[in-house]
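Chain by chain, the residues run as shown.
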Amino acid sequence: LRQAERCATPKWCRGRRRDSVLMVLRFRVPVPPSVNHSHRTYTTKTGRRMRVPTKQAGDWTAQARDAAYVAAKASGWVCPCGEKVIVELTVYWPDRRRRDTNNCHKLLCDAIEGIAFDDDRWALVRDLDFDVDRDDPRVEVAVKRMNGRK
């Protein structure tokens, strides 16, 4: 198979001129549920235990996918196939409780996979900053191609 056929890029991304591509994809999403609230342990009838996503995590993932899709469509972002990308996060928490910014990584990368990048193994996640914004808690995301390559 050719590289383009192996790529999980949506059809609207394919066939665009590479020189017309913006190098940064920016969007914002609500603060994701914590790792403890995003999955629950499910035990099958045979006794096998599995981690399954909760409804709260599923709803948040759908919101994040929609935000990334709209931003990618508006900016003309072409999903890089087999190329490293830098995902920069700035988190604005709803209150001063102690939280870990790393909780955002896995759920966010899984949500925007196939839109901002081909596979989340190519995503290098960086936490730039965090602060408190009681009125509008959010995560601001900037996805950049590695070294500005097209």
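Located above this text is the structure these notes cover.
The structure presented is a predicted model; accordingly, all values stated were derived computationally and were not measured.

J.: Just checking my understanding: could you explain the pattern of salt bridges for this structure?
T.: The full count for this structure, using the stated rule, is 12 salt bridges. A salt bridge links Asp95 to Arg99; the shortest N-O distance between them is 2.7 Å. On the accessibility criterion, Arg99 (31% relative accessible area) is partly exposed. Between Arg121 and Asp119 there is a salt bridge, with the nearest N and O atoms lying 3.9 Å from each other.

J.: What am I meant to see in the packing of helix 3 (residues 55-75) against helix 4 (residues 103-112) here?
T.: When two helices pack together, their arrangement is given by the angle between their axes and by how far apart the axes lie. Running from amino to carboxyl end, helix 3 crosses helix 4 at an angle of 55°, the nearest separation of the two axes being 8 Å. Here helix 3 lies oblique to helix 4, going by the angle between them. For the element pair helix 3 and helix 4, the recorded crossing hand is right-handed. Counted together, Ala57, Trp60, Thr61, Ala64, Arg65 and Ala68 of helix 3 and Leu107, Leu108, Asp110, Ala111 and Ile112 of helix 4 form the full contact between these two elements.

J.: Help me understand the nonpolar core, please; the structure alone is not making it clear to me.
T.: Proteins that are soluble and globular tend to have nonpolar side chains buried together. If you look at the biggest cluster of nonpolar residues, it comprises 28 residues, and the most contacted ones within it are Leu25, Phe27, Val87, Ile112, Phe117, Val141 and Val143. Going through the elements one at a time, strand 1 (24-29), helix 3, strand 4 (85-93), helix 4 and strand 6 (138-145) are the ones with two or more residues in this core. Apart from residues no more than four positions distant in its own chain, Val141 is found in contact with Leu25, Arg26, Phe27, Val87, Glu88, Leu89 and Leu108.

J.: Even after reading the chapter, I still don't get the pairing of strand 2 (residues 39-43), so can you show me in this structure?
T.: Where a strand is regular, its side chains alternate between the two sheet faces. With five bridges connecting them, strand 2 and strand 3 (residues 49-53) associate as antiparallel partners. Looking across to strand 3, one finds that Arg40 is bridged to Val52. Counting the residues between successive antiparallel strands, the hairpin from strand 2 to strand 3 contains five residues, one of them, Gly47, with a positive phi of roughly 95°.

Procedures and definitions
- Residues numbered from 1 in each chain as written.
- Predicted model: local features only at pLDDT ≥ 70, side-chain atom pairs only at ≥ 80, totals over all residues.
- Heavy atoms only, no water.
- Salt bridge = Lys/Arg side-chain N within 4 Å of Asp/Glu carboxyl O.
- Buried < 20%, exposed > 50% of the residue type's maximum accessible area, 1.4 Å probe, protein only.
- Axes fitted to C-alpha atoms, helices over the stretch in contact; angles between N-to-C directions.
- Helix = DSSP H or I, 4+ residues; strand = E, 2+ residues; numbered from the N terminus.
- Parallel < 35°, antiparallel > 145°, perpendicular 65-115°, else oblique.
- Left-handed = near helix turned anticlockwise from the far one by under 90°.
- Contact = heavy atoms within 4.5 Å.
- Core = buried A, V, L, I, M, F, W, Y, C linked by side-chain atoms within 4.5 Å.
- Pairing = 2+ DSSP bridges.

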